[in-house]
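Letter by letter, the chains look like this.
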Amino acid sequence: MIAVRRAVLDDVPAMLGFANWAAEHTVANLATAPEPLSEWSEAFASTEERYPWILATDAQGKPLGFAKAGPHKARGAYAWSADVTVYVAPEAHGRGVGTRLYEVLVPTLRAQGYALLVAGITLPNVASEKLHARFGFERCGTFHRVGFKNGKWHDVGYWELAVRPGTLAPGPIVPAKT
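Not measured: the values here are computed from a predicted model. (Residues numbered from 1 in each chain as written. Predicted model: local features only at pLDDT ≥ 70, side-chain atom pairs only at ≥ 80, totals over all residues. Heavy atoms only, no water.)

1. A look at the packing of helix H3 (residues 97–112) against helix H4 (residues 126–134)
Stage number 1. Put simply, H3 and H4 touch, their axes get as near as 10 Å, and they point 35° apart. Where H3 crosses over H4, the two elements pack in a sense that is right-handed. Seen from H3, the contacting residues are Gly98, Thr99 and Tyr102; seen from H4, they are Leu131, His132 and Arg134.
Stage number 2. A class-by-class count of the residues in the contact of H3 with H4 yields two nonpolar, three polar and one charged. (Axes fitted to C-alpha atoms, helices over the stretch in contact; angles between N-to-C directions. Helix = DSSP H or I, 4+ residues; strand = E, 2+ residues; numbered from the N terminus. Left-handed = near helix turned anticlockwise from the far one by under 90°. Contact = heavy atoms within 4.5 Å. Nonpolar A, V, L, I, M, F, W, Y, C, P; charged D, E, K, R; others polar.)

2. Brief notes about the sheet that holds strand S3 (residues 63–71)
Pairing between sheet strands relies on hydrogen bonds along the backbone, with the strands arranged either parallel or antiparallel.
Stage number 1. The mixed open sheet is built from seven strands, whose spatial order is S1-S2-S3-S4-S5-S7-S6. Sheet topology places strand S1 (3–6) and strand S6 (138–149) at the edges, where each strand pairs with a single neighbour. Shown here is a sheet whose adjacent strand axes are inclined to one another by a mean of 25°, direction ignored.
Stage number 2. Pairing of strand S5 (residues 116–122) with strand S7 (residues 152–162) involves seven bridges; the strand directions are antiparallel. Across the sheet, the residue bridging to Val118 is Glu160, located in S7.
Stage number 3. Contacts between helix H1 (residues 12–25) and the sheet are confined to strand S2 (53–57), S3, strand S4 (81–88) and S6, with S3 contributing the most and set at about 85° to the helix. (Pairing = 2+ DSSP bridges.)

3. Topic: the side chain of Thr57
Stage number 1. Along the chain, Thr57 falls in strand S2.
Stage number 2. In this view, Thr57 contacts Met1, Ile2, Ala3, Lys62, Pro63 and Leu64; residues no more than four positions away in its chain are not counted.

4. What to know about the environment of Arg139
Stage number 1. Mapped onto the elements, Arg139 comes out in strand S6.
Stage number 2. Sequence-wise, Arg139 and Leu161 are 22 residues apart; in three dimensions their C-alpha atoms are separated by 9.1 Å.
Stage number 3. When near neighbours in sequence (up to four residues on either side) are disregarded, Arg139 contacts Leu123, Gly157, Tyr158 and Trp159.
Stage number 4. In this structure the side chain of Arg139 is engaged in a polar contact, spanning 2.6 Å, whose partner is the side chain of Thr142. (Polar contact = N/O pair within 3.5 Å; in protein donor to acceptor, adjacent residues only side chain to side chain.)

5. Notes on the layout of surface pockets
Stage number 1. Reported here for the largest pocket is a volume of approximately 1300 Å³.
Stage number 2. Looking at the largest pocket, it is lined by 50 residues, and the ones nearest its centre are Ala28, Thr85, Val86, Tyr87 and Gly120.
Stage number 3. If you list the elements that add at least two residues to the lining of the largest pocket, you get H1, helix H2 (37–47), S3, S4, H3, S5, H4 and S7.
Stage number 4. Among the residues forming the lining of the largest pocket, the class breakdown is 28 nonpolar, 16 polar and six charged. (1 Å grid on protein atoms, 1.4 Å probe; cavity = no way out; pocket = protein on both sides within 12 Å on 5 of 7 lines; lining within 4 Å. Points joined across faces, edges and corners; volume = space filled by probe spheres on them.)

6. Some points on the environment of Ala14
Stage number 1. With respect to the element layout, Ala14 can be found in helix H1.
Stage number 2. Looking at Ala14, the relative accessible area reads 27%, which means it is partly exposed.
Stage number 3. Distance in space between the C-alpha atoms of Ala14 and Leu64 is 8.9 Å, their sequence separation being 50 residues. (Buried < 20%, exposed > 50% of the residue type's maximum accessible area, 1.4 Å probe, protein only.)

7. Comments concerning the nonpolar core
Stage number 1. Core analysis: the largest hydrophobic core is formed by 44 residues, its most contacted members being Met15, Val84, Tyr102, Leu117 and Phe137.
Stage number 2. For this core, the secondary-structure elements that each account for two or more residues are H1, H2, S2, S3, S4, H3, S5 and S7.
Stage number 3. Ignoring sequence-local partners within four residues, the contact set of Met15 consists of Ala7, Trp40, Phe44, Trp53, Leu55 and Phe66. (Core = buried A, V, L, I, M, F, W, Y, C linked by side-chain atoms within 4.5 Å.)

8. Examining H3
Stage number 1. In this model H3 runs 23 Å from its N-terminal to its C-terminal C-alpha over 16 residues, within 8% of the 22 Å that 1.5 Å per residue would give.
Stage number 2. Two residues or fewer past H3, Gly113 is found with a positive phi of approximately 110°. (Expected span 1.5 Å × (residues − 1).)

9. Some words on the packing of H1 against H2
Stage number 1. With their axes 10 Å apart at the nearest point, H1 and H2 run at an angle of 120° to one another. Our pair here, H1 against H2, has a crossing hand that is right-handed. Within the contact between the two elements, H1 uses Val12, Pro13, Met15, Leu16 and Ala19 and H2 uses Leu37, Trp40, Ser41 and Phe44.
Stage number 2. Class assignment of the residues belonging to the contact of H1 with H2 gives a composition of eight nonpolar, one polar and no charged.

Here's what the structure looks like:
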């Protein structure tokens, strides 16, 4: 069984562990060194009300992965767009963890009033591409040779999901309720 809940500050070390593992062992995360807990804790505290962080655990409460949203760009007109990301523990790949996380995150962001969700995926990453396609994300572009890691250049593909009709004037973004 995979349980999914809103993350709390005490979950940040586990979530950072998944992201840092991906940074150290894969190109799915283009960080070139482990990120510090202090930065992640600060980011969590300052963003989680507007941009939710969601944690998946097993039946015993062991963290299996997380998904989170963040600002797409800082300028005001981008307020209704959010970047999304998901990381799953290596031993939990292929068990539906990413799906369960997005089953909570995507509707939460829609209910908050976001209009567009954006995901960047270092290419190739078939599992992540399939996950995003399953939720209706469509590939909208590629930045070629945008990241240099492990001695070579990497492309990053971008996927988008419109979660509100494009013709409606946006309302305010409301706090997340999960």
